[in-house]
Amino acid sequence: VERLNRDARRLLPVSLRDLLIDREQAILAEAQRFPPDQAQALALDLVDGHLESTTFEVFNARADEAVGLIRQRRVSEGLIKLGALVRIPADLADPVLSVGPDGYPPGVAREYYAFVESNLDKIPVVLEDAKILRLDRKGLPAYWQGVLDRSRQQSPLIRSELFRDGKLVSHQRIDYRSPVFSVASLSYSRAVNAIATTWLAVWREVRGDLTRMPVPKEVQPRETQPKETP
């Protein structure tokens, strides 16, 4: 979560990024204090693959709290609440959490997370579409459902790659050439995008500074010249 926070801040305007950096530890602590009933509601949605109104009600209540504090000039408290909204978009982007009611065989989730952690330095953060950073809060439900849909599509591949012939595959036996790396890379960028989009949707409501937004670097594949044959 700490790494997700750091990378999501790279997509924010400089002013908001710096404000969240200054409160990082408080934000991470606040994000851990997710009420059990709200966590259960989110977990059920992840398993079912459909976001119910309850999840949006939970989010809106927490977002309203952040907006209210900032408007009352209790800015630091409001920013901590804003940053703590990371929990919902991060969970929606995780293919392990959206695997479905059958779950994974024992150890698969552990090995997947171990693989992701050991390869974080190789995973690039990709901005899927700059338009999503301009969504307001009303646009989040449909966007979030799309995030969850893509997570569910990738969940079966984790099972097939990390549990073969009835045996668990150690994360140490796979590398960046494995489809598992593709899933990890796509889901990580999806989480970063979803977190930044969620923060910005709420920040926009309090008329926060949106100047000095970072300009994404466009990367295109290199064209290789065919080798001449003798």
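The structure this text deals with has already been given above.
On a predicted model such as this, the values are computed, not experimentally measured, just so you know. (Residues numbered from 1 in each chain as written. Predicted model: local features only at pLDDT ≥ 70, side-chain atom pairs only at ≥ 80, totals over all residues. Heavy atoms only, no water.)

Along the chain, the regular secondary structure elements total ten helices and two strands. Against the 2.2 N^0.38 benchmark of 17 Å for 230 residues, the chain shows a C-alpha radius of gyration of 19 Å, consistent with a compact globule. Judged by the C-alpha coordinates and their principal axes, the chain covers about 70 × 50 × 30 Å. Across the 230 residues that make up the chain, the buried fraction comes to 49%. Considering only intrachain contacts with a sequence separation of at least 6, the fraction spanning at least 24 residues in the chain is 80%. (Helix = DSSP H or I, 4+ residues; strand = E, 2+ residues; numbered from the N terminus. Rg over C-alpha atoms; globule rule 2.2 N^0.38 Å. Buried < 20%, exposed > 50% of the residue type's maximum accessible area, 1.4 Å probe, protein only. Contact = heavy atoms within 4.5 Å.)

Checked against the element boundaries, V108 lands in helix α8 (residues 108-118). When its relative accessible area of 0% is taken as the criterion, V108 is described as buried.

Another point: α8. V108, E111, Y112, F115 and V116 are the residues of α8 that are buried. Looking straight down α8, one finds its buried side chains confined to an arc of 140°; they lie on one side. In this structure, α8 carries R110 and E117 as exposed residues pointing more than 90 degrees from its buried face. (Arc of directions from axis to C-beta.)

As enumerated under the stated definition, the model contains 17 salt bridges in all. Note that R3 and D7 form a salt bridge whose closest N and O atoms lie 3.2 Å from each other. Of this pair, R3 and D7 are both found in helix α1 (residues 2-9), four residues apart, which corresponds to roughly one turn of the helix. Judged by its relative accessible area of 2%, D7 falls in the buried class. A salt bridge links E24 to R9, with the nearest nitrogen and oxygen atoms 3.2 Å apart. In this pair, E24 is assigned in helix α3 (residues 24-32) and R9 in helix α1, connecting sequence segments 15 residues apart. This pair shows no difference in class: E24 is buried, exactly as R9 is. (Salt bridge = Lys/Arg side-chain N within 4 Å of Asp/Glu carboxyl O.)

For the structure on display, the rule yields four aromatic pairs. Look at F56 and W144: their rings are 5.9 Å apart centre to centre, the planes differ by 15°, and that puts the pair in the stacked class. Of this pair, F56 sits in helix α5 (residues 53-71) while W144 sits in helix α9 (residues 140-162), and the two are 88 residues apart along the sequence. The residues F56 and W144 share a single accessibility class, namely buried. (Phe/Tyr/Trp six-rings, centres within 6.5 Å; stacked < 30°, edge-to-face > 60°.)

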